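So the chains spell out like this:
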Amino acid sequence: AQSVAQPEDQVNVAEGNPLTVKCTYSVSGNPYLFWYVQYPNRGLQFLLKYITGDNLVKGSYGFEAEFNKSQTSFHLKKPSALVSDSALYFCAVRDPNAGKSTFGDGTTLTVKP
Amino acid sequence: NAGVTQTPKFQVLKTGQSMTLQCAQDMNHEYMSWYRQDPGMGLRLIHYSVGAGITDQGEVPNGYNVSRSTTEDFPLRLLSAAPSQTSVYFCASSYSRTGIAEAFFGQGTRLTVV
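So, how was this worked out
Residues numbered from 1 in each chain as written. Chains lettered and ligands numbered in written order. Predicted model: local features only at pLDDT ≥ 70, side-chain atom pairs only at ≥ 80, totals over all residues. Heavy atoms only, no water. Helix = DSSP H or I, 4+ residues; strand = E, 2+ residues; numbered from the N terminus. Rg over C-alpha atoms; globule rule 2.2 N^0.38 Å. Buried < 20%, exposed > 50% of the residue type's maximum accessible area, 1.4 Å probe, protein only. Contact = heavy atoms within 4.5 Å. Buried area = accessible area lost by both parts, 1.4 Å probe. Salt bridge = Lys/Arg side-chain N within 4 Å of Asp/Glu carboxyl O. Disulfide = S-S within 2.5 Å.

### Quick look at the overall build of chain B
- A count of helices and strands for chain B gives 0 helices and 11 strands.
- Counting helices and strands in the order they occur from the N terminus, chain B gives β-β-β-β-β-β-β-β-β-β-β.
- Since a compact globule built from 114 residues should have a radius of gyration of about 13 Å, the 13 Å found for chain B is in line with a globular shape.
- Overall, the C-alpha framework of chain B stretches about 40 × 30 × 25 Å when taken along its three principal axes.
- When the 114 residues of chain B are sorted by exposure, 50% land in the buried category.
- Counting contacts in chain B only where the partners sit at least 6 residues apart, residues at least 24 apart contribute 53% of the total.

### Considerations on the interface of chain A and chain B
- The interface is formed by 21 residues belonging to chain A together with 22 residues belonging to chain B.
- Interface area for chain A against chain B, summed over the two sides, is near 1700 Å², with a carbon-plus-sulfur share of 49%.
- Inspection of the chain A/chain B interface yields 1 salt bridge.
- Note that Glu102 of chain B is salt-bridged to Lys49 of chain A, the shortest N-O span being 3.1 Å.

### Side note on the state of the cysteines
All names here are of chain A.
- Applying the stated rule across the entire model yields 2 disulfides over all chains.
- Put simply, Cys23 and Cys91 are joined by a disulfide, and their sulfur atoms are 2.0 Å apart. The S-S bond linking Cys23 to Cys91 shows a torsion near -60 degrees; that makes this disulfide left-handed. With a gap of 68 residues between them, Cys23 in the loop between strand S3 (19-21) and strand S4 (24-26) and Cys91 in strand S10 (residues 87-94) connect regions that are remote in the sequence.

Take a look at the structure:
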């Protein structure tokens, strides 16, 4: 069975500071990993994904994430946070042998001016 | 190119009523799915489909039916609404049934059952 955990319900950072939103996963094989962002009253939007290859993946809006197989983690990062980054962030995992993806419970990111 | 379109955006039902949430995509995607989003519980998969005529259950299928007669449409039917089905429902699609591709989400349907 596959699972994903986002250990922090809430992350608060000051504008201009680096941000990290954590995600750990469990799958039986090599995972496909995704990050999505949700703004209020909107659907989820894709940010970035790891399928294979370089462990550091870059995505939309200056976000990046590092795949760490030994720690089974896929943390989302950004070097300098913006107030407009404030939103709900979801990590998702897919075992290639499964027919469906599993989403984490989400982390609310608040960036204060 | 509209992406994933969900209707209605808002709905209030009485307990016991039935209704259908509509979902349509114009990207010729094979894979479509329905999720519900509840506070503190993230997204939970209700049903999914890997192509026309093929559907399967997700984590929380009870009380919901789906069908996939065309590639474009994937309606979700509530058979007899219950207050526990009060939630925000999202439809999503992806071009790959293997999970290698990202999902495109609709804007959501906010359902209240009284």
